[in-house]
Amino acid sequence: MVIRVVIVFLSLIILACIVLGGISHCTPLFRHNTASSSTPYFFNSLSPHLGEITDYAVCENVIYILFEHKNILDCYGLDGSYMHSYFIDLGGKGKAELYVNNSRLFLKSRKTTFYVFEKGLFLESYDISTTDLYSEIQRLNGEKRAIGNNKYLLRGASIYCENEEGMLIVVSRPVWMTIFQGPGILIVGAICFLTICMLIRYKRSI
């Protein structure tokens, strides 16, 4: 009886992991077909974004936060005040990343398209060849997580600013959203599945 209850409990955890994993990789339905491959869709309604912060950068007076799995780039002031967001067609397979060069932020899509922003505003996009990708990334080698003595760090699901006076939270997100950061959901689900298999095998042997 106890084994059966444990199996049911672990099965519910696996189901929750599947649901949360699906939510974290789900783009907002109302944003579909709003962005082209060359032009992001601008919007200024702040939402929790139930997903992982995959990259972030600080450029000039703007904190850029990328939710790659949701195709969303958020823009905040250095004081943590929300400015606006962009829904961007990041393409299919690959990895999207943020780069900084001088006063401009460059968002590389999962392919070879770069989106350029300055002071939080979209300027242009451009494509390069696969052979030129490495040299282009090397060109965009500016410091992207520090301004002067201020260093910006991702802790849990929030962004902090660290300097000689200490550490201060800048962009605050609920602590429980930490579950979306990294492979935690996948690991928990895998452990529960393996445990269920072991319990079923043990139950059959007795």
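Residues numbered from 1 in each chain as written. Predicted model: local features only at pLDDT ≥ 70, side-chain atom pairs only at ≥ 80, totals over all residues. Heavy atoms only, no water.

Undergrad: Where do I start with the pattern of salt bridges in this structure?
TA: When the charged atoms of two side chains with opposite charge come close together, those side chains can pair. One pass over the full model with this rule turns up five salt bridges. Residues arginine 145 and aspartate 55 are paired through a salt bridge, measuring 2.6 Å at the closest nitrogen-oxygen approach. Placement of the pair is arginine 145 in the loop between α2 (133–139) and β10 (146–147) and aspartate 55 in strand β2 (residues 55–59), with a sequence separation of 90 residues. Look at arginine 145 and you get partly exposed, because its relative accessible area is 30%. A salt bridge links glutamate 136 to arginine 139, with the shortest nitrogen-to-oxygen separation between them at 2.7 Å. (Salt bridge = Lys/Arg side-chain N within 4 Å of Asp/Glu carboxyl O. Helix = DSSP H or I, 4+ residues; strand = E, 2+ residues; numbered from the N terminus. Buried < 20%, exposed > 50% of the residue type's maximum accessible area, 1.4 Å probe, protein only.)

Undergrad: Looking at this model, I keep getting lost on the side chain of arginine 110. Mind explaining?
TA: Position of arginine 110 relative to the elements: it lies in the loop between β7 (104–108) and β8 (113–118). Taking the relative accessible area as the measure of exposure, arginine 110 reaches 15% and is therefore buried. A distance of 3.2 Å separates the side chain of arginine 110 from the side chain of asparagine 71, its partner in a polar contact. Apart from the residues lying within four places of it in its own chain, the contact partners of arginine 110 are Glu68, His69, Asn71, Leu90, Gly91, Gly92, Lys93, Gly94, Lys95 and Ala96. (Polar contact = N/O pair within 3.5 Å; in protein donor to acceptor, adjacent residues only side chain to side chain. Contact = heavy atoms within 4.5 Å.)

Undergrad: Any chance you could explain a nonpolar patch on the surface here in plain terms?
TA: Taken together, the side chains of Val8, Leu12, Leu15 and Val19 present a nonpolar region at the surface, about 360 Å² in accessible area. Among the structural elements, leucine 12 can be located in helix α1 (residues 2–24). Judged by its relative accessible area of 53%, leucine 12 falls in the exposed class. (Patch = residues over 30% accessible without salt bridge, like charges linked within 9 Å, V, L, I, M, F, W, Y side chains within 5 Å. Areas by Shrake-Rupley, 256 points an atom, 1.4 Å probe, with all protein chains shown as cover.)

Function-wise, these values are silent; they only describe arrangement.
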